[in-house]
Structure formats: C-alpha cells, structure tokens
Amino acid sequence: MIKFLLMVNKQGQTRLSKYYEQVELGKRAALEADVVRGCLARRKEECSFVEYKDYKLVYRQYAALFIVVGITENENELSIYELVHNFVEVLDKYFSRVSELDIMFNLDKVHIILDEMIINGHIVETNKNRILAPLLALDKMAES
C-alpha cells in the first residue's frame, strides 16, 4: 500500500505532498525533511529503493524534481517505480513537457491526476487517456 507521495526539487523544497494515512502535521515536516535529505544525498548509480523506518521508499528523479513514494513492506517496488514514471508521462501529456512551475501553479490539476491514479493508497488506474478524461472535461467546461 502507498503511504505517501512527495514531489520535491533539488533544493529539498516540497512541491507536492499527498498522504494516504493519517500523519500529524508536526511529524509530516520532520518525515519529509528526513526522507528528502536521504534521497537527495544518494548518487545516481545507487538503487532507487531505500528502507526507511517503517517504509520502503521508491524515488525517481526527473530533471530538477524528485518523486518519492513511501510504501509498505509488502508492496512491489518495481510496480511503484513504473507508477511514478506513468504519473510523469501523464503530467507531460497534459502540460506538454511538465516543469516545476507547472506543478506549482496548477497544483489542483496535479492532485486531480493523482487522485485518478491512486485512491486510499491503492493504484486504481494507469491508462493515460482515462486518467486525463475528467480533467479535460473540466477544461472544456471552463472554456464554455
């Protein structure tokens, strides 16, 4: 099960955070700082799977952004690794070459995309067209 998803830049600033279990706000900041510090300190040659406290972390770097997913012990790391790539492909398809600024200024749309893919910590959709359908319908309604 997916416990959280973080999107951070190289400076360690969180651009997106989504939790699928209750974590107190004070503990979130410490958790994010610890997780981000650990992932940013790793070299590119090192494995993208890390054990951290009660979680396994799966992270992937795209340009200046890192996407870090905290999962339970029984979750498949490779499926989450591919989910992260699929998430970025969907963002690229919608924003045509997604950037950190797209994430920052369209956070609501990024959350809609993420909510179409993951519900309650479980992957429910991977088809790019079906993931984007509700967002494209909203855009069409906003135009008219």
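Residues numbered from 1 in each chain as written. Predicted model: local features only at pLDDT ≥ 70, side-chain atom pairs only at ≥ 80, totals over all residues. Heavy atoms only, no water.

(A) A look at empty space enclosed by the protein. In the structure shown here, the tally under the stated rule is one cavity of 30 Å³ or more. The volume enclosed by the largest cavity comes to roughly 30 Å³. In this structure, the largest cavity is lined by Leu5, Ile67, Leu83, Val84, Phe87, Leu114, Met117 and Ile118. Elements with a contribution of two residues or more to the lining of the largest cavity: helix H2 (77–95) and helix H4 (107–117). (1 Å grid on protein atoms, 1.4 Å probe; cavity = no way out; pocket = protein on both sides within 12 Å on 5 of 7 lines; lining within 4 Å. Points joined across faces, edges and corners; volume = space filled by probe spheres on them. Helix = DSSP H or I, 4+ residues; strand = E, 2+ residues; numbered from the N terminus.)

(B) Broad picture of H4. Among the residues making up H4, those that are buried are Val110, Ile113, Leu114 and Met117. Projected onto a plane normal to the axis of H4, the buried residues spread over an arc of 95° and lie on a single side. (Buried < 20%, exposed > 50% of the residue type's maximum accessible area, 1.4 Å probe, protein only. Arc of directions from axis to C-beta.)

(C) A look at unusual backbone geometry. Its identity is not glycine, yet lysine 53 carries a phi of approximately 50°, on the positive side. Structurally, lysine 53 can be placed in the loop between strand S3 (49–52) and strand S4 (55–62). Taking relative accessible area as the criterion, lysine 53 reaches 68% and is therefore assigned exposed. The backbone of alanine 63 shows a phi angle near 55°, a positive value even though the residue is not glycine. Along the chain, alanine 63 turns up in the loop between S4 and strand S5 (65–71).

(D) Representation of a nonpolar patch on the surface in the model. Side chains of Leu101, Met104 and Phe105 sit close together on the surface and give an oily, nonpolar patch of about 330 Å² of accessible area. Topologically, phenylalanine 105 is positioned in helix H3 (residues 100–105). (Patch = residues over 30% accessible without salt bridge, like charges linked within 9 Å, V, L, I, M, F, W, Y side chains within 5 Å. Areas by Shrake-Rupley, 256 points an atom, 1.4 Å probe, with all protein chains shown as cover. Salt bridge = Lys/Arg side-chain N within 4 Å of Asp/Glu carboxyl O.)

(E) Quick peek at the environment of arginine 42. Positionally, arginine 42 belongs in the loop between helix H1 (25–40) and S3. Setting aside residues no more than four positions away along its own chain, arginine 42 makes contact with Cys47, Phe49, Val50 and Tyr59. Polar side-chain contacts of arginine 42 include one of 2.7 Å to the backbone oxygen of cysteine 47. (Contact = heavy atoms within 4.5 Å. Polar contact = N/O pair within 3.5 Å; in protein donor to acceptor, adjacent residues only side chain to side chain.)

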